[in-house]
Amino acid sequence: MSEVKISAETRSEFGKGAARRIRRDSKVPGVLYGHGSDPIHLTLPGHDLLLALRTPNVLIALDIDGKTNELAIPKSVQRDPIKGFLEHVDLQLVTRGEKVTVEIPVHTEGELAPGGNLLEHVLNALPVEAEATHIPESVTVSVEGLTAGDSVLAKDITLPKGTTLAVDADAVVLQVLAAQAEEAPEGEAAEGEEAAEA
């Protein structure tokens, strides 16, 4: 996994007004915490952070005020629900060699058996434990030939070396549901006709 270098500044202003001023400057307020140390309040460059966060569980090499270098992974990202811009980010401090628990996206490949069945993602992301500097970006699961009633459990997924499950091995990740024929509920046509006559 590659590291993304981002320059950050510590901040001493807090509250909604300060956060709005930071965002007006195309920056994002954030907090770096972990390892029992006091949280560090940061201002991060919005565009650089947005690009970095396109990679799930990205490893960020923070240059704080040009004095301190820290490694971190995103723990919580808040976006504007309408415009989608970053409002705030929580970063977790990590060290090389340290194991962290993260969720990695589950991708599928292959075609289900014929019959119009539906594939349900019970877990969109798989909780795993991995070394902070070697977090897999995702896992890919073959659903080739699966039929209604089949499921893929967490223990069935091949994980990259050095990565272990952080969820019950028997947890259902994917399941195949039988296609359901769509039938109009009884009485709907009659009600529609009455409405037309009225």
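Residues numbered from 1 in each chain as written. Predicted model: local features only at pLDDT ≥ 70, side-chain atom pairs only at ≥ 80, totals over all residues. Heavy atoms only, no water.

**Focus: the pattern of salt bridges**
Part 1 of the reasoning: Following the criterion strictly, the structure yields three salt bridges and no others.
Part 2 of the reasoning: Residues Arg 96 and Glu 3 are paired through a salt bridge, measuring 2.8 Å at the closest nitrogen-oxygen approach. Note that Arg 96 is positioned in the loop between β6 (86–94) and β7 (99–109) and Glu 3 in strand β1 (residues 3–10), a separation of 93 residues in sequence.
Part 3 of the reasoning: Judged by its relative accessible area of 55%, Arg 96 falls in the exposed class.
Part 4 of the reasoning: Residue Asp 170 is joined to Lys 155 by a salt bridge in which the shortest nitrogen-to-oxygen separation is 2.8 Å. Of this pair, Asp 170 sits in the loop between β12 (164–165) and β13 (172–177) while Lys 155 sits in the loop between β11 (151–153) and β12, placing them 15 residues apart in sequence.
Part 5 of the reasoning: Exposure remark for Asp 170: the relative accessible area of 45% places this residue in the partly exposed category. (Salt bridge = Lys/Arg side-chain N within 4 Å of Asp/Glu carboxyl O. Helix = DSSP H or I, 4+ residues; strand = E, 2+ residues; numbered from the N terminus. Buried < 20%, exposed > 50% of the residue type's maximum accessible area, 1.4 Å probe, protein only.)

**Topic: the sheet that holds strand β8 (residues 118–121)**
Part 1 of the reasoning: As summarised here, the arrangement of the three strands in space is β8-β13-β11, forming an open sheet in which the pairing is antiparallel. Among the strands making up the open sheet, the edge pair consists of β8 and β11. Strand-to-strand twist of the sheet, defined as the mean angle between neighbouring strand axes without regard to direction, takes the value 15 degrees.
Part 2 of the reasoning: In this sheet, β13 lies alongside β8 in antiparallel orientation, the contact comprising four bridges. Across the sheet, the residue bridging to His 121 is Leu 174, located in β13. (Pairing = 2+ DSSP bridges. Axes fitted to C-alpha atoms, helices over the stretch in contact; angles between N-to-C directions.)

**Digging into the sheet that holds strand β10 (residues 139–142)**
Part 1 of the reasoning: Taken in spatial order, the four strands of this open sheet run β10-β7-β9-β12, and their pairing is mixed. Each of the sheet's edge strands pairs with one partner strand only, and the pair in question is β10 and β12.
Part 2 of the reasoning: The pairing of strand β9 (residues 125–131) with β12 spans two bridges and is classified as antiparallel. Note that in β12 the partner of Glu 129 across the bridge is Thr 164.

**Overview of the environment of Asp 90**
Part 1 of the reasoning: With respect to the helices and strands, Asp 90 occurs in strand β6.
Part 2 of the reasoning: Residues Asp 90 and Leu 32, 58 residues apart in the sequence, show an inter-C-alpha distance of 6.1 Å.
Part 3 of the reasoning: Those residues within four positions of Asp 90 in sequence are excluded, and the remaining contacts are Val 31, Tyr 33, Ile 73, Pro 74, Lys 75 and Ser 76. (Contact = heavy atoms within 4.5 Å.)

**Remarks on unusual backbone geometry**
Part 1 of the reasoning: A positive phi is found at Asp 65, a non-glycine position, where the angle reads about 55 degrees.
Part 2 of the reasoning: Relative to the elements of secondary structure, Asp 65 occurs in the loop between β4 (59–64) and β5 (68–79).
Part 3 of the reasoning: On the basis of relative accessibility, which here comes to 34%, the residue Asp 65 falls in the partly exposed class.

**Notes on the confidence of the model for the chain**
Part 1 of the reasoning: When pLDDT is averaged along the chain, the result is 83, and 90% of the positions lie at 70 or above.
Part 2 of the reasoning: Predicted confidence for residues 188–198 stays below pLDDT 50, and this span has zero contacts to residues more than four positions away or in other chains. (pLDDT = per-residue confidence, 0-100.)

**A word on the side chain of Glu 98**
Part 1 of the reasoning: For Glu 98, the location among the structural elements is in the loop between β6 and β7.
Part 2 of the reasoning: Buried and unpaired, Glu 98 has no salt bridge, with Lys 75 as the nearest side chain of opposite charge at 9.5 Å.
Part 3 of the reasoning: Side-chain polar atoms of Glu 98 contact the backbone nitrogen of Thr 95, separated by 2.8 Å. (Lys, Arg positive; Asp, Glu negative; His and termini not counted. Polar contact = N/O pair within 3.5 Å; in protein donor to acceptor, adjacent residues only side chain to side chain.)

**Remarks on the side chain of Asn 117**
Part 1 of the reasoning: As for its position among the elements, Asn 117 is in the loop between β7 and β8.
Part 2 of the reasoning: Contacts of Asn 117, omitting those with residues within four sequence positions, involve Leu 112, Thr 147, Ala 148, Val 176, Leu 177, Ala 178 and Ala 179.

**Some points on the environment of Glu 87**
Part 1 of the reasoning: Residue placement: Glu 87 occurs in strand β6.
Part 2 of the reasoning: Given a relative accessible area of 23%, Glu 87 falls into the partly exposed group.
Part 3 of the reasoning: It is 9.7 Å that separates the C-alpha atoms of Glu 87 and Ile 22, two residues lying 65 residues apart in sequence.
Part 4 of the reasoning: Look past the residues within four positions of Glu 87 in its chain and what remains in contact with it is Arg 23, Val 28, Pro 29, Gln 78, Arg 79 and Asp 80.

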